[in-house]
Amino acid sequence: MYRNIITFGKFILRYTAIYCTLMTSVAADTECLERFCPERVVSRDVVVDWHRYKDSLGPTFAGTSSWNSYMELIESHVRRMGLIDLRHNPFDYTRWQTSEWPDRSGWSLRIGDHDINVANYGANSGDTGPEGVTAPIVVLKGTELSALSDPAILKGKIVVLRIESTDFQRQIPDWLYAPPDYPYTVGQWLKAEDTVSASTASQLFAANLKGKLPFPEPHYLKLIRQSRAAGVALIFDMVDERVQGLYSFPVPEIYDVPTLYLGREAGRDLLTAARNHDSATLTLNAEEVSARAYQFSAILPGRDYGTDRDEVILMISHTDGPSISQENGPLGLLSILHYFAQFNQEERDKSLMLFLDSRHFIPDREASLPDYDIEQVLGPAGAMALNKGQLIASVHLEHLGQVEYAEREGRYLPTGQMESGGYYVTGYQAIIDIAERAMKLHQPYNQVLRSTDVPGIHGQSQGHWFGLGHHPRRLGIEAIASNMVSMGAYWTINAGFDYFDPDQFIRQVNVMTQITADIMRGDISEMLAEPVSMQR
């Protein structure tokens, strides 16, 4: 995974040369606010370099050296583009850590003299020390665990738990617009041989839900914590390769039941060995360390910056995650800022405010630090609140340039399609029209347009708006556009640069650049004048 290392200095020099060439060669007029100018976008070479560099860092978990290097990359570009009012909003948290895939030195499972092929650890799940823990084995299906009157009867045992796919996210929601070649139909039930996106998400959520979030049962982590087991080995219904480096999500708070992840083949190996042995040795050698990270904001000033008349478009994503696309949303936002930084300030009708959060993969995620929620830090008197002006709209990007994967005949392979996803907008006809025009112009593959405020064109629900995109509503912002793509193969640390498609990244970013330009030129009160009927 840690390959194609690009020195930071060389990379910055290359980007600076390209950026300076663009600034001097492209006419500085407002025509490219009224129509999309492809000559103003970040080049494919820069997009590739950004992602090779990010991949060379490995996982960018908040406060780690990799994360700090990633933030240095982001902030260096922000400065070169002329953004001002750069702010850090620091926070401290306790980080749990062990060795990262492909280094398995910190975790193992042994039965007799046989080593089981462990694919990853359960995040934040305690510590056995280097010697591990040896205990009797109990093998359970998920339904059997759920049926226990008291999970604490498993105290002191090593629990082998088989996880199966559920119906969570399996059914394709409705939409407002889909490209003619979109491969799925409304209401279609997805199978792992179609795409692994629903299968992986449903199993991960089942394994890591603990009764707090409003998602359907099973919530196995709640029962695992109640069990006080000596350790747990989760067998996912996935080919082993899918589970390599699979990161826990929703990310749990730190708990004390050391947990390991196995795929289907390793699980069969474990169950066979367990028939001949009563006990196993599970090792998860981990530690807790103090970590400091921060939220980041900066402003590309518009014509009225610094006055009460300033209208500001918020641009949001998060920075932390395990894979090449989790999270590369900030690189997409940099690409948008690159486009608008080439205009003179007086030509930008509105300011752009970049806001990057870093709590998505800390223990218990954003819920662990509620004082850093968007409405707290950007609201009145918040640590990163505007000094002048008003936030009037928001754009958001996550999970860009992803390829679709499936399991077919026991193999884990790309399907030849891009990962399915959606542009989500609030339910106002003008904003829907802006987004649909941009999607038709730039044609990002396998992306549909949705507004979860209203039924879709087939009269069905448009599903759940996942990600950070809808959070600005907590600030009273109603003009919102967001791109959110199913994670599919990208929950894993193993998903590096060779899983990334730069051309899809560019298509997705170009759509949101076009949307941002239309919002920048438009009158927000007019955009919000026509809410879409709930009846459609």
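Residues numbered from 1 in each chain as written. Predicted model: local features only at pLDDT ≥ 70, side-chain atom pairs only at ≥ 80, totals over all residues. Heavy atoms only, no water.

**Student:** Can you walk me through the packing of aromatic side chains in this structure?
**Tutor:** Here the distance between the centres and the angle between the planes together describe a pair of aromatic rings. A complete count under the given rule lists 30 aromatic pairs for this structure. A ring pair is formed by phenylalanine 205 and phenylalanine 249, whose centres lie 6.0 Å apart and whose planes are at 55°; its orientation type is tilted. In this pair, phenylalanine 205 sits in helix α6 (residues 197-208) while phenylalanine 249 sits in the loop between α8 (240-243) and β8 (259-262), placing the two residues 44 residues apart along the sequence. Note on accessibility: phenylalanine 205 and phenylalanine 249 belong to one class, buried. A centroid spacing of 6.2 Å and a plane angle of 20° characterise the contact between phenylalanine 215 and phenylalanine 466, whose relative ring orientation is stacked. A residue pair is termed long-range when its members are at least 10 positions apart, and phenylalanine 215 in the loop between α6 and α7 (220-227) and phenylalanine 466 in the loop between β17 (447-450) and β18 (479-485) qualify at 251 residues. Through a chain of ring-to-ring contacts, the aromatic side chains of Phe61, Trp96, Trp107, Tyr121, Phe168, Phe205, Phe215, Tyr247, Phe249, Phe361, Phe466 and Trp491 assemble into a single cluster. Above the ring of phenylalanine 343, the side-chain terminus of arginine 40 is found at 4.4 Å from the ring centroid. In this arrangement the basic side chain of lysine 54 is found over the ring face of tyrosine 70, its NZ or CZ atom lying 5.4 Å from the centre. (Phe/Tyr/Trp six-rings, centres within 6.5 Å; stacked < 30°, edge-to-face > 60°. Helix = DSSP H or I, 4+ residues; strand = E, 2+ residues; numbered from the N terminus. Buried < 20%, exposed > 50% of the residue type's maximum accessible area, 1.4 Å probe, protein only. Lys NZ or Arg CZ within 6 Å of the ring centre and 35° of its normal.)

**Student:** Explain the environment of valine 78 to me, please; I cannot follow it from the model alone.
**Tutor:** Counting through the fold element by element, valine 78 comes out in helix α4 (residues 65-80). Considered as a pair, valine 78 and isoleucine 299 are 221 residues apart in the sequence and their alpha carbons are 9.0 Å apart. Excluding anything up to four places from it in sequence, valine 78 contacts Leu83, Leu86, Phe296, Ala298, Leu334 and Leu354. (Contact = heavy atoms within 4.5 Å.)

**Student:** In this structure, what is going on with the sheet that holds strand β1 (residues 84-97)? I would like to understand it.
**Tutor:** Across a sheet, strands are paired by hydrogen bonds formed along the backbone, either parallel or antiparallel in direction. With mixed pairing, 8 strands are arranged side by side in an open sheet as β1-β10-β12-β11-β13-β18-β16-β17. Only two strands of the sheet have a single partner each, and these edge strands are β1 and β17. Strand-to-strand, the axes of this sheet are offset by a mean angle of 20°, without reference to chain direction. Packing against the sheet, helix α10 (residues 329-341) makes contact with β10 (287-300), β11 (311-318), β12 (351-357) and β13 (390-397), and its axis sits at approximately 150° to β11. Where helix α13 (residues 502-521) meets the sheet, its contacts fall on β11, β12, β13, β16 (421-425), β17 and β18, and the angle it forms with β13 comes to roughly 165°. (Pairing = 2+ DSSP bridges. Axes fitted to C-alpha atoms, helices over the stretch in contact; angles between N-to-C directions.)

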